[in-house]
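Understanding the architecture of this molecule
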Amino acid sequence: MTAPAPAIDRPGPPEAQPEEKPLKVVPARHPWRWVATAVTLVLVAMAANALITNPAWDWHFVGQYLFYETVLRSVGTTLQLTVLGIVLGFLLGTVIALMRLSASPLLTSVAWGYVWLFRSVPLILQLLFWFNLALLYDQISFGVPFGPSFVAVDTMHLIGPMTAATLGLALHQAAYAAEIVRSGFLSVDQGQLEAAAALGIPRGRQVRRILLPQAMRSIIPNAGNEIIGMVKGTSVVYIMAIPELFYQVQVIYARNGRVIALLLVAAIWYLLLTTVLSVVQYHVERHYARGAVRTLPPTPVQRIRRLVATATAARRQRRAGREQLAADLAGER
């Protein structure tokens, strides 16, 4: 007898797969976010209403004195003091920062002592010291160190109020600028400079192409804060009777009695100046961010353009949908 042939499994008809139901997408709910937004809007509206409707703010006089001739001149004086203090302060601060990073113990000690001294003494005391320098030294002589002098200048005529204010602001700012610049240099990985030196890249090119572009990413935000602080810090020189913004509004409200209105004038000008500086700082930070991030953050103008383009595209899409619907209805008729 022959053995029966083994049974061969033949594939049967495929089983019907159960129909999958589409997943229901439920958007995340953020009720407390909406509550916080509503509360914030109410508070902002209350603050705006208090500013607009309260007659004690004297908005009429604010508009009258905002572009007053003496106020505009005082704004120019404030800008002049800010530019001189920042430029001279950061130039001297960069030198002090390089001294702090030097291998010479003497240079490092002198730079540390400078930073320690000028950061410890309040700015108003430094301004008064320079303003009254003639009480300590009648003349300033120029000549051989510890030897004969060739030229002597009367201190009273050499250092006036504006010069004293510039010296005080610049020397005070240099102490902070030195630490800002030093921290920026230290933020760059030293291995990059060592690799550049191993490749034979000159020291000057290392500083320009490798050290500075990366250090500026750390320096710019802190330097921007210092510049904005300097704009407001110039108000301290009112003790020297320099006609900067804060001193000038005091002179005006001492004559007409409109204290709140003139203080608002000063506040508005400080807001305008710091806003412009903040915009400049944003664009400088964005410039030095190239190479550090994959995509640069959009500027406010680019964000507005994107919103306008999105709204225009959505409007065109709705219009095209309405036209298509009208054509379909006309075809059915």
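Residues numbered from 1 in each chain as written. Predicted model: local features only at pLDDT ≥ 70, side-chain atom pairs only at ≥ 80, totals over all residues. Heavy atoms only, no water.

**Quick word on the nonpolar core**
Core analysis: the biggest nonpolar cluster contains 39 residues, and Ile96, Tyr114, Ile219, Val237 and Met240 have the highest contact counts within it. Counting only elements with at least two residues in this core, the list comes to α3 (69-100), α4 (105-120), α5 (123-131), α7 (161-186), α8 (190-198) and α9 (203-233). Element by element, the count of residues in this core is highest for α7, at 11 residues. Contacts of Tyr114, omitting those with residues within four sequence positions, involve Leu92, Ile96, Leu171, Ala174 and Ala175. Residues Val71, Val231, Ala261 and Leu273 belong to the second largest nonpolar core, which totals 18 residues. (Core = buried A, V, L, I, M, F, W, Y, C linked by side-chain atoms within 4.5 Å. Buried < 20%, exposed > 50% of the residue type's maximum accessible area, 1.4 Å probe, protein only. Helix = DSSP H or I, 4+ residues; strand = E, 2+ residues; numbered from the N terminus. Contact = heavy atoms within 4.5 Å.)

**Regarding the packing of helix α10 (residues 245-256) against helix α11 (residues 259-288)**
Close contact between α10 and α11 brings their axes to 8 Å; oriented N to C, the two are set at 160°. Between α10 and α11, the crossing angle belongs to the class labelled roughly antiparallel. Classified by chirality, the crossing of α11 by α10 is right-handed. Every residue of α11 that contacts α10 at Leu245, Phe246, Val249, Ile252, Tyr253 and Asn256 is listed here: Val259, Leu262, Leu263, Ala266, Trp269 and Tyr270. Among the residues forming the contact of α10 with α11, the class breakdown is 11 nonpolar, one polar and no charged. (Axes fitted to C-alpha atoms, helices over the stretch in contact; angles between N-to-C directions. Parallel < 35°, antiparallel > 145°, perpendicular 65-115°, else oblique. Left-handed = near helix turned anticlockwise from the far one by under 90°. Nonpolar A, V, L, I, M, F, W, Y, C, P; charged D, E, K, R; others polar.)

**Comments concerning a positive patch on the surface**
Taken together, the side chains of Arg315, Arg316, Arg318, Arg319 and Arg322 make up a positively charged region of the molecular surface. If you trace the backbone, Arg315 turns up in helix α12 (residues 300-332). (Patch = residues over 30% accessible without salt bridge, like charges linked within 9 Å, V, L, I, M, F, W, Y side chains within 5 Å. Areas by Shrake-Rupley, 256 points an atom, 1.4 Å probe, with all protein chains shown as cover. Salt bridge = Lys/Arg side-chain N within 4 Å of Asp/Glu carboxyl O. Lys, Arg positive; Asp, Glu negative; His and termini not counted. Charge placed at Lys NZ, Arg CZ, Asp CG, Glu CD.)

Fair warning: the whole summary comes from geometry, so function is off the table for now.
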